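As a plain string of letters, each chain reads:
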Amino acid sequence: MVMGKNLRMKSARVKKDMTQAELARQVGVTRQTINAIESGAYNPTINLCIDICRALDVTLDDLFWKEVDDE
Amino acid sequence: MNKKYDERQRWVNYRLSHHALMIVFVLLLMNGLVRSSFDMTWAEPMSEAFVLIAVPTLYCVTRSLFQGAYVGRRETYGRNSIAFAVIAVLFLGVFALAGDGLIADGKLSQDSTTLLAGIFFAYITALHGIKFIRERSV
């Protein structure tokens, strides 16, 4: 399923001064997986969402909650 | 759960495996139709099996590689490329030294399997090489 880009995740990562590769290493996935999530090509499982939020010091709502207006 | 691959890689590989299965169905059906309707044998049994297996395999390998899902989390493109190159050279070398030709009696010969395997592994080597260069440039 193709979704919209996850710009909130990208901006949280940039705010933490992390590259996709660094975030990928920290959560135990490949760089392409982080890239696919940010570009909206892959819909991650809740476990991976939690790992990403922990690595970026944000909440699930901050990165993955969709307001009705977002859709 | 296979820890070698992350969740997106497993998802990609499941999807591609399903596509490959569909390709196998179509190829087997087409092969059966050609052989029964036209009473035509286009290859020796081993070569025929190799072609029917190689086509969906190459589809899977190509798409999986370019979606970053073939080699697992460790991304060993360079090392894999060398290993596949050695296998390709072995097959092509054996065919060059002992092969009797690609076609015999109007059909793919038994020896053609060696040549096709060489081409198969050479192709996979090239794909790994391209992916290795692309990943280094990111």
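This text goes with the structure placed above it.
Computed from a prediction, not measured in an experiment: that's the story for all the values here.

Enquirer: Quick rundown of the packing of helix H3 (residues 77-98) of chain B against helix H4 (residues 112-137) of chain B? Include the residues and the values.
Expert: Residues and elements named next belong to chain B. Close contact between H3 and H4 brings their axes to 8 Å; oriented N to C, the two are set at 160°. By the angle between their directions, the pair H3 and H4 is classed as roughly antiparallel. Considering the relative orientation of H3 and H4, their crossing is left-handed. Looking at the contact of H3 with H4 residue by residue, the class counts come to 16 nonpolar, 9 polar and 2 charged.

Enquirer: Break down the nonpolar core for me, with residues and values.
Expert: Residues Met9, Leu23, Val27, Ile34, Ile52, Leu56 and Leu63 of chain A are the most contacted members of the largest nonpolar core, which totals 17 residues. Elements represented by at least two residues in this core include exactly helix H1 (7-15), helix H2 (20-27), helix H3 (31-39) and helix H4 (46-56) of chain A. If you tally residues by element for this core, the top one is H4 of chain A, at 5 residues. Setting aside residues no more than four positions away along its own chain, Ile52 of chain A makes contact with Met9, Leu23, Val27, Ile34, Ile37 and Leu63 of chain A. Counting residues in each nonpolar core, the second largest holds 13 residues, with Phe50, Val71, Ala88 and Phe120 of chain B among its members.

Enquirer: Let's hear about the side chain of Gln9 of chain B: which residues, and what values?
Expert: Positionally, Gln9 of chain B belongs in helix H1 (residues 7-37). The exposure class of Gln9 of chain B is buried, given its relative accessible area of 0%. Once residues within four sequence positions are removed from consideration, Gln9 of chain B is found in contact with Thr30 of chain A together with Lys4, Gly68, Ala69, Gly72 and Arg73 of chain B.

How each quantity is defined
- Residue numbers run consecutively from 1 along every chain, following the written order of its sequence.
- Lettering for chains starts from A, numbering for ligands starts from 1, and both go in the order in which the items are written.
- For this predicted model, a pLDDT threshold of at least 70 governs which residues receive local features, and a threshold of 80 or more governs which side-chain atom pairs are given and counted, while totals over whole chains, interfaces and linings are taken from all residues.
- Note: side-chain values were computed over all heavy atoms of the structure, leaving out hydrogens and water.
- For helices, the fitted line uses only the C-alpha atoms of the stretch in contact; every axis is such a line through C-alpha atoms, and the angle between N-to-C directions lies from 0 to 180 degrees.
- Strands are runs of DSSP state E lasting at least 2 residues, helices are runs of H or I lasting at least 4, and numbering of each runs from the N terminus.
- Roughly parallel covers angles under 35 degrees, roughly antiparallel covers those over 145, roughly perpendicular covers 65 to 115, and oblique covers all other angles.
- Left-handed describes a crossing whose near helix is turned anticlockwise from the far helix through less than a right angle; right-handed describes the clockwise counterpart.
- Three classes are used, and their members are as follows: Ala, Val, Leu, Ile, Met, Phe, Trp, Tyr, Cys and Pro are nonpolar, Asp, Glu, Lys and Arg are charged, and the others, Gly among them, are polar.
- Nine residue types can take part in a nonpolar core, namely buried Ala, Val, Leu, Ile, Met, Phe, Trp, Tyr and Cys, and a core is a set of them joined through side-chain atoms within 4.5 Å.
- Partly exposed residues are those whose accessible area sits between 20% and 50% of the maximum for their type, while under 20% is buried and over 50% is exposed, using a 1.4 Å probe and protein chains only.
- What makes two residues a contact is simply this: any of their non-hydrogen atoms within 4.5 Å.

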